[in-house]
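Below, each chain spelled out in residue letters.
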Amino acid sequence: MGGYILAIDQGTTSSRAIVFDGKQQVAGLDQKEFRQHFPKSGWVEHDPEEIWDSVVVTVNEAIRKAGISPSDIAGIGITNQRETVVVWDRETGKPIHNAIVWQDRRTSAYCDKLKKQGLEKTFTKKTGLLLDPYFSGTKLNWLLSNVKGAQARAAKGELCFGTIDTFLIWRLTGGKSFVTDATNASRTLLYNIADNAWDDELLDILRVPRAMLPEVKDCAADFGVTDKERFGTAIPILGVAGDQQAATIGQACFKPGMLKSTYGTGCFALLNTGKDMVRSKNRLLTTIAYRLDGETTYALEGSIFVAGAAVQWLRDGLKVIKAAPDTGTLAEGADPSQEVYLVPAFTGLGAPHWDPDARGAIFGMTRNTGPAEFARAALEAVCYQTRDLLEAMHKDWRSNGKETVLRVDGGMVVSDWTMQRLSDLLDAPVDRPTILETTALGVAWLAGSRAGVWPKQEEFAKSWARDRRFEPAMDEATRKTKLKGWRNAVKRTLT
Ligand SMILES: Nc1ncnc2c1ncn2[C@@H]1O[C@H](COP(=O)(O)OP(=O)(O)O)[C@@H](O)[C@H]1O
Ligand SMILES: O=P(O)(O)OC[C@H](O)CO
């Protein structure tokens, strides 16, 4: 037994399974993309069966690649795309509809209606969130109202609601465990983050029967054991966290003031605010960073819906690149005299604008604009949006002069060009760690420390190592011009 931990990282575009050894090094990894369904403008769905299949395949492959037997695994950690809603039949385990993905905007009008009733304050006070289609609650309301018979069946306790973690645990344990963790619960619009409990008033407003909700646990806890038939042995599930919170843990942002930003499909910046539930005056979210031993640590979060997704659009939509890394090469050769801005509001704009009805726009094109300028604009959009988030965070959070450097991770940060441009546009240093699988590492730590085979928090934090620090190198005048151009582009995109 080598203290092996299996981390399942169920993301928006792909599922990953990673076996870490007792030294917290990757021993085996597998990844599988699955289909994105876009049934209407602004709608995004996943087939939960495809998600499940991708998880089963990648887990088996990661174990095979690690050259270990399932009985060598001391515990499983699960981290997942957050907010995405699955509803399934308690008896058969079959989903009643495709999963409605966090990016989906179909409940935009319903959110407006609730806002007009003056309910946003109630939701924000209790959940730290805003009335935006991004969060699970209105998506769940949509499913209950639009799938025939669902509302009545849910009230009778025949249906289960879960974010992806809950669905996977249910399946892995053969329907024996119906649970989630505090971080995932904190993204649903149904969970009171001060009381740490599902909130009856909010359930009532969104017409969600309590009977369909999972039990909420700490992030490191006993979430159940896998069905023996699945891996030939029962493995305990010991850690669960939403992927952005898992990345915060994997980046060892355990102290108030520490900050990470993850660049996957979207981009999410989380600032640890400790025991303080900081209320944003700048339309950021207050959310649970992690709950350990019954103690809640809070975070301020800025959420950007499109980061790597813009790169995927260049690849799959416009077909101007063959693979994601081409963007960096193209951007490097882009014409510096062309000021081209892409506001990638494909599914509305998130923080700090929260405009679900905005749609993407490109500004400043000339007859000479080509793939290189598009690539640069897509990568720069991520940097500008990060700057907008960090400016909002600085207004909300007094750092007392103890600035910590932004730690970055996620699929996009392998791009040196993007990280340099990020540092240039932020006018601040950016640290990239040696282990880029920080999301999986974070949840592996939750499971590994719970299993007693991985170090405690302080020692784990010391093992964080920097691969490279990017320092700002852009002159002030250029930065100012570019920021002004970006702000103008956003202004013209907002509805
Ligand atoms: N070299 C690169 N340059 C720019 N973007 C990249 C690069 N490599 C990967 N990406 C982008 O990163 C994203 C994948 O990151 P990942 O963390 O796996 O996302 P998720 O967990 O949301 O599925 C994709 O959108 C991809 O286009
Ligand atoms: O799949 P990711 O890594 O882009 O993360 C999705 C977020 O959890 C959505 O809130």
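Quantities reported herein were computed from a predicted structural model and do not represent experimental measurements.

Basis of the calculations
Residues numbered from 1 in each chain as written. Chains lettered and ligands numbered in written order. Predicted model: local features only at pLDDT ≥ 70, side-chain atom pairs only at ≥ 80, totals over all residues. Heavy atoms only, no water. Near = heavy atom within 4 Å. Polar contact = N/O pair within 3.5 Å; in protein donor to acceptor, adjacent residues only side chain to side chain. Areas by Shrake-Rupley, 256 points an atom, 1.4 Å probe, with all protein chains shown as cover. 1 Å grid on protein atoms, 1.4 Å probe; cavity = no way out; pocket = protein on both sides within 12 Å on 5 of 7 lines; lining within 4 Å. Sits in = over half its atoms within 2 Å of the grid points. Helix = DSSP H or I, 4+ residues; strand = E, 2+ residues; numbered from the N terminus. Nonpolar A, V, L, I, M, F, W, Y, C, P; charged D, E, K, R; others polar. Pairing = 2+ DSSP bridges. Axes fitted to C-alpha atoms, helices over the stretch in contact; angles between N-to-C directions. UniProt positions renumbered as here; feature names shortened; annotations may be inferred. Contact = heavy atoms within 4.5 Å.

Undergrad: Even after reading the chapter, I still don't get the site of ligand 2, so can you show me in this structure?
TA: Taken together, Gly11, Thr12, Gln81, Arg82, Glu83, Trp102, Tyr134, Asp243, Gln244, Thr265, Gly266 and Phe268 make up the full set of residues near ligand 2. Tyr134 is positioned such that a nitrogen or oxygen atom in its side chain is 2.7 Å from an oxygen atom of ligand 2. Between ligand 2 and Asp243, the relevant distance is 2.6 Å, taken from an oxygen atom to a side-chain nitrogen or oxygen of the residue. About the coverage of ligand 2: the protein hides 93% of its 310 Å² of free accessible area. The cavity that encloses ligand 2 is the largest pocket.

Undergrad: Looking at this structure, how should I read the site of ligand 1?
TA: Not every one of the 18 residues close to ligand 1 is listed here, only the nearest: Thr13, Arg16, Thr265, Gly308 and Gly411. With respect to ligand 1, the side chain of Thr265 contributes an N or O atom lying 2.5 Å from an oxygen atom. Coverage of ligand 1 by the protein amounts to 85% of the 580 Å² it exposes when considered alone. Of all the cavities here, the one that holds ligand 1 is the largest pocket. Elements represented by at least two residues in the shell around ligand 1 include exactly strand 2 (14-20) and helix 11 (308-317). Tallying contributions element by element places helix 11 first for the shell around ligand 1, with 4 residues. Looking at the shell around ligand 1 residue by residue, the class counts come to 6 nonpolar, 11 polar and 1 charged.

Undergrad: So what exactly am I meant to see when it comes to the sheet that holds strand 13 (residues 237-242) here?
TA: Sheet strands line up and pair through hydrogen bonds in the backbone, either parallel or antiparallel. Strand order across the open sheet formed by 5 strands is 3-2-1-5-13, with mixed pairing between neighbours. The sheet terminates laterally at strand 3 (26-33) and strand 13, the two strands that pair on one side only. Sheet twist, expressed as the average angle between the axes of neighbouring strands with direction ignored, equals 15°. Relative to strand 2, strand 1 (residues 4-10) is paired through 6 bridges, and the arrangement is antiparallel. In the strand pairing of strand 2, Ile8 is matched with Ala17.

Undergrad: What is the right way to read the UniProt feature "binding site: sn-glycerol 3-phosphate" (unreviewed entry) in the chain from this model?
TA: Under the UniProt annotation, "binding site: sn-glycerol 3-phosphate" (unreviewed entry) lies at Thr12, Arg82, Glu83, Tyr134 and Asp243. In this structure, the largest pocket is lined, among the annotated residues mentioned, by Thr12, Arg82, Glu83 and Asp243. Structurally, Tyr134 can be placed in the loop between helix 3 (120-127) and helix 4 (136-146). Filtering out sequence-adjacent residues up to four positions away, Tyr134 remains in contact with Arg82, Glu83, Trp102, Arg105, Lys139, Arg187, Phe268, Leu285, Glu301, Ser303, Phe305 and Trp354. A polar contact is formed between the side chain of Tyr134 and the side chain of Glu83, at a distance of 3.2 Å. Not counting residues within four places of it along the chain, the set of residues in contact with Asp243 comprises Thr79, Asn80, Gln81, Arg82 and Thr439.

Undergrad: Hey, could you run me through the sheet that holds strand 17 (residues 295-304) in this one?
TA: Across the sheet, 7 strands lie side by side as 16-17-15-14-20-21-22; this open sheet has mixed pairing. Across the chains shown, the open sheet's two edge strands, defined by having one partner strand only, are strand 16 (285-292) and strand 22 (466-470). In this sheet, adjacent strand axes meet at a mean angle of 30° when their direction is disregarded. Pairing of strand 20 (residues 406-409) with strand 21 (residues 430-433) involves 2 bridges; the strand directions are parallel. Counted as the bridge partner of Arg407 is Asp431 from strand 21. Packing of helix 10 (residues 243-250) onto the sheet brings it into contact with strand 14 (259-263), strand 15 (267-274), strand 16 and strand 20, and relative to strand 14 it is tilted by some 125°.

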